Amino acid sequence: MPIVTIQITREGSTPEASAATAEEKAALIKGVSELLRDVLNKPLTSTFVVIDEVETENWGRGGLPVEQFRQQQSAQAPE
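Note that this is a predicted model, so its numbers are computed, not measured.

Engineer: Honestly, the nonpolar core in this entry has me stumped. Any pointers?
Structural biologist: In this structure, Ile6, Ile8, Ala20, Val32, Leu36 and Val49 together form the largest nonpolar core, which totals 6 residues. Going through the elements one at a time, strand E1 (3-9) and helix H1 (22-40) are the ones with two or more residues in this core. Apart from residues lying up to four places away in sequence, Val32 is in contact with Val4, Ile6 and Val49.

Engineer: Please explain the pattern of salt bridges as it appears in this structure.
Structural biologist: Any two side chains of opposite charge can pair if their charged atoms end up close together. Summed over all chains, the structure comprises 5 salt bridges. Glu11 is paired through a salt bridge with Arg70; the nearest N and O atoms lie 2.7 Å apart. Placement of the pair is Glu11 in the loop between E1 and H1 and Arg70 in helix H2 (residues 66-76), with a sequence separation of 59 residues. A salt bridge links Asp38 to Arg37, with the shortest nitrogen-to-oxygen separation between them at 2.9 Å.

Engineer: Got a minute to help me understand the pairing of strand E2 (residues 48-54) in this structure?
Structural biologist: A regular strand places its side chains so that they alternate between the two faces of the sheet. Sheet topology note: the E1/E2 ladder contains 7 bridges and is parallel. Within the sheet, the bridge partner assigned to Thr9 lies in E2 and is Val54. Crossover E1 to E2 through H1 is right-handed.

Engineer: Which parts of the structure should I look at to understand unusual backbone geometry?
Structural biologist: Positive phi, close to 60 degrees, is recorded for Asn41, a residue that is not glycine. Mapping Asn41 onto the fold places it in the loop between H1 and E2. A relative accessible area of 66% places Asn41 in the exposed class.

Engineer: Looking at this structure, I do not really get the side chain of Thr47. What am I missing?
Structural biologist: Mapping Thr47 onto the fold places it in the loop between H1 and E2. Owing to a relative accessible area of 11%, Thr47 belongs among the buried residues under this scheme. From its side chain, Thr47 meets the backbone oxygen of Pro43 in a polar contact 3.3 Å long. If near-sequence neighbours (up to four positions away) are discounted, Thr47 is found in contact with Pro2, Ser33, Leu36 and Lys42.

Engineer: Could you clarify how one ought to interpret H1 in this entry?
Structural biologist: It helps to recall that an α-helix has 3.6 residues per turn; residues three or four apart then point in one direction. Compared with an ideal rise of 1.5 Å per residue, which puts 19 residues at 27 Å, H1 spans 27 Å between its outermost C-alpha atoms and is within 8% of the ideal. Of the positions making up H1, those classed as buried are Val32, Ser33 and Leu36. Seen from one end, H1 has its buried residues packed into an arc of 95 degrees, which puts them on one side. In H1, the exposed residues that point more than 90 degrees away from the buried face are Glu23, Lys30, Leu35, Asp38 and Val39. Elements in contact with the buried residues of H1: E1 and E2. Of the residues flanking the end of H1, it is Asn41, one or two places downstream, whose phi is positive at about 60 degrees.

The rules we used
Residues numbered from 1 in each chain as written. Predicted model: local features only at pLDDT ≥ 70, side-chain atom pairs only at ≥ 80, totals over all residues. Heavy atoms only, no water. Core = buried A, V, L, I, M, F, W, Y, C linked by side-chain atoms within 4.5 Å. Buried < 20%, exposed > 50% of the residue type's maximum accessible area, 1.4 Å probe, protein only. Helix = DSSP H or I, 4+ residues; strand = E, 2+ residues; numbered from the N terminus. Contact = heavy atoms within 4.5 Å. Salt bridge = Lys/Arg side-chain N within 4 Å of Asp/Glu carboxyl O. Pairing = 2+ DSSP bridges. Right-handed = clockwise from strand over helix to strand, strands pointing away. Polar contact = N/O pair within 3.5 Å; in protein donor to acceptor, adjacent residues only side chain to side chain. Expected span 1.5 Å × (residues − 1). Arc of directions from axis to C-beta.

Quick look at the structure:
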């Protein structure tokens with residue numbers, strides 16, 4: 001019985017979206033379940049997928065909150 005947890009930041013894939021849509025989440029669940037079926041021969045009915053959306057203020061990278069990290073990366077990016 002595989003259990004897969006997907007953690008994503010709570011922000012949308014487009015500027016007007018504030019979170020992943022139900023359709024995007026359904027696609028993630030389907031894709032992960034099918035991957036486990038195809039690679040490990042795990043039945044779809046025995047695979048559990050949990051999507052955990054995390055506020056960006058609770059997400060860090062490179063020793064910084066993710067928003068600060070992104071700003072730092074943008075400032076350092078060559079134009």
